[in-house]
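An overview of the molecular structure
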Amino acid sequence: MTVHVAAAGPIGGLIVCDSQGSTPATELHGMQKLFPGDGYVVGGAGAMIVIQRLFRFLLDEQPTADSVLEKIREFLRLHVVEGMHGSVTLLVVRRTEVVSITPSVFLTPETGKGFAAIGSGADFVYRALGRDGALGLQLPMKTLAEMLVAAEGLAVVADESLTVDDRFMIGFVRNEKSYLLADRGITLDAAPDALRASWSKAVTHYEEIRAILSATRAEEAWAFEALSSLRNGTLNATHFATAMSASAGIRTNLNALSAKLDDYFSWYDQELGRP
Amino acid sequence: MELVGAGKPSTEGRRLARHLMEQRGDREWNEVVVDLTGCSAVLLVSAFFNGALQEVHERAPNELEKFRQVRWQAKFAFQQQNIEMWVREFNAPAQAQEVLV
């Protein structure tokens with residue numbers, strides 16, 4: 001069981017997911033549910049045995065962003081019995097789009113999406129989005145940093161589900177390249193050798209990025225608490241000042257997050273020997 | 001010593017400021033160093049520092065300008081940058097009063 005939250009736009013895209021696997025009797029944590037491919041990221045929810053096999057298949061076959069959807073179709077056709085096709089739901093982020101693959105319902109992928117959530121936690125995500133929408137709250141997602149704040153915030157909402165944990169893995173796509181980042185408690189199973197070799201260093205970048213995201217959520221909560229005096233008509237300048245102070249903090253955080261992501265991408269490219 | 005608890009940021013900021021006022025003794029404010037590197041990121045937000053500054057303003061308004069010289073140590077650079085901004089821009093009493101809803 002899981003939650004995956006994906007977003008994409010003109011500057012690229014990302015998927016945030018948790019690390020929990022569940023059986024009727026136990027919880028498992030630290031599972032890799034994202035695969036970083038050549039210009040794309042694949043996320044899987046459902047039967048872990050199928051997802052892990054898919055990731056190894058993609059690692060061996062090395063499809064590109066253009067061919068990955070066909071390769072996934074081939075994998076399901078050649079390696080998974082038909083009765084199990086519906087046991088997984090997949091998301092692919094490539095270039096500027098999110099692609100949903102739901103073999104239990106559709107024979108073809110749904111391409112061209114800007115946002116999607118899958119897994120047992122997806123209901124929580126869509127309910128939170130619906131509630132925000134009803135209140136008129138927008139979710140800016142123009143930059144990669146804004147996308148990350150939005151997707152991670154929604155994944156945190158899904159952590160209320162018993163089948164979702166708060167150890168996150170994040171897969172990015174930018175400039176036709178993919179990047180993976182995760183909590184140090186997540187074991188890397190299927191990934192290029194160069195990334196596996198650098199993984200212990202990669203996870204050290206996660207802590208500060210997660211701290212920025214947590215602080216940003218806390219600032220939002222504080223500002224919304226101040227502005228909720230609107231509801232009984234007592235909103236005043238003090239409340240606005242509180243919200244403005246929080247807003248300034250969020251601006252600093254977003255700038256810091258963008259810079260930190262740029263640093264991480266540069267380090268990652270260097271480690272993998274990419275231009 | 002653990003001085004900061006797990007309450008609301010504004011409450012914890014006020015409590016820390018009270019403690020600092022009571023315990024600083026003969027030291028000048030610019031000699032006071034507060035190590036926040038072990039604090040959760042969700043605590044070290046605007047409300048925490050505005051709460052601390054508001055507490056000083058209410059208890060000892062003449063001390064406020066000197067209190068801005070306290071040296072705060074945070075774990076990450078973005079926190080340090082925010083702290084400097086909030087401390088510099090705090091403008092009592094319009095900011096950081098307890099929010100009643």
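In case you missed it, the structure is sitting above this.
Here's a quick rundown of the structure.

Basis of the calculations
Residues numbered from 1 in each chain as written. Chains lettered and ligands numbered in written order. Predicted model: local features only at pLDDT ≥ 70, side-chain atom pairs only at ≥ 80, totals over all residues. Heavy atoms only, no water. Buried < 20%, exposed > 50% of the residue type's maximum accessible area, 1.4 Å probe, protein only. Helix = DSSP H or I, 4+ residues; strand = E, 2+ residues; numbered from the N terminus. Pairing = 2+ DSSP bridges. Contact = heavy atoms within 4.5 Å. Buried area = accessible area lost by both parts, 1.4 Å probe. Salt bridge = Lys/Arg side-chain N within 4 Å of Asp/Glu carboxyl O. Polar contact = N/O pair within 3.5 Å; in protein donor to acceptor, adjacent residues only side chain to side chain. Axes fitted to C-alpha atoms, helices over the stretch in contact; angles between N-to-C directions.

Examining the pairing of strand E10 (residues 115-118) of chain A
All names here are of chain A.
- By the alternation rule, side chains of E10 split into Phe115 and Ala117 and Ala116 and Ile118, which are all buried.
- In this sheet, E10 lies alongside strand E1 (residues 4-9) in antiparallel orientation, the contact comprising four bridges. Paired with Ala6 across the two strands is Ala116, which belongs to E10.

Some thoughts on the interface of chain B and chain A
- Across the boundary between the two partners, chain B contributes 23 residues, which contact 25 residues of chain A.
- Both sides of the chain B and chain A interface together cover about 2,000 Å² of buried area, and 62% of this is carbon and sulfur.
- Linking chain B with chain A are two salt bridges, by the criterion used here.
- One salt bridge in this structure joins Lys8 of chain B and Glu225 of chain A, with 2.6 Å as the shortest N-O distance.
- Our count for the contact surface shared by chain B and chain A stands at seven residue pairs in polar contact (both at pLDDT 80 or more).
- Of all the secondary structure elements, the ones that give two or more residues to the side of chain B that touches chain A are helix H2 (46-59) and helix H4 (77-89) of chain B.
- By residue number, the principal contributor to the side of chain B that touches chain A is H4 of chain B, which donates six residues.

Things to note about the side chain of His85 of chain A
All names here are of chain A.
- Considering the arrangement of structural elements, one finds His85 in the loop between helix H2 (68-79) and strand E7 (88-94).
- In this structure the side chain of His85 is engaged in a polar contact, spanning 2.8 Å, whose partner is the backbone oxygen of Leu76.
- A polar atom in the side chain of His85 sits 3.0 Å from the backbone oxygen of Val80.
- Excluding residues that lie within four positions of it along the chain, His85 makes contacts with Leu76, Arg77, Val80, Pro103 and Ser104.

A short note on the sheet that holds strand E12 (residues 177-182) of chain A
Residue and element names in this part refer to chain A.
- Pairing within the open sheet is antiparallel, and its five strands lie in the order E10-E1-E2-E11-E12. Two strands bound the open sheet, and with one partner strand each, they are E10 and E12. Within the sheet, the average angular offset between the axes of one strand and its neighbour, ignoring direction, is 10°.
- Note that strand E2 (residues 12-17) and strand E11 (residues 169-174) share five bridges and pair antiparallel. Of the residues in E11, the one forming a bridge with Cys17 is Met169.
- Running at roughly 140° to E10, helix H3 (residues 122-134) makes contact with E1 and E10 of the sheet.
- Along the sheet, helix H7 (residues 237-271) contacts E11 and E12; its crossing angle with E12, the most-contacted strand, is approximately 110°.

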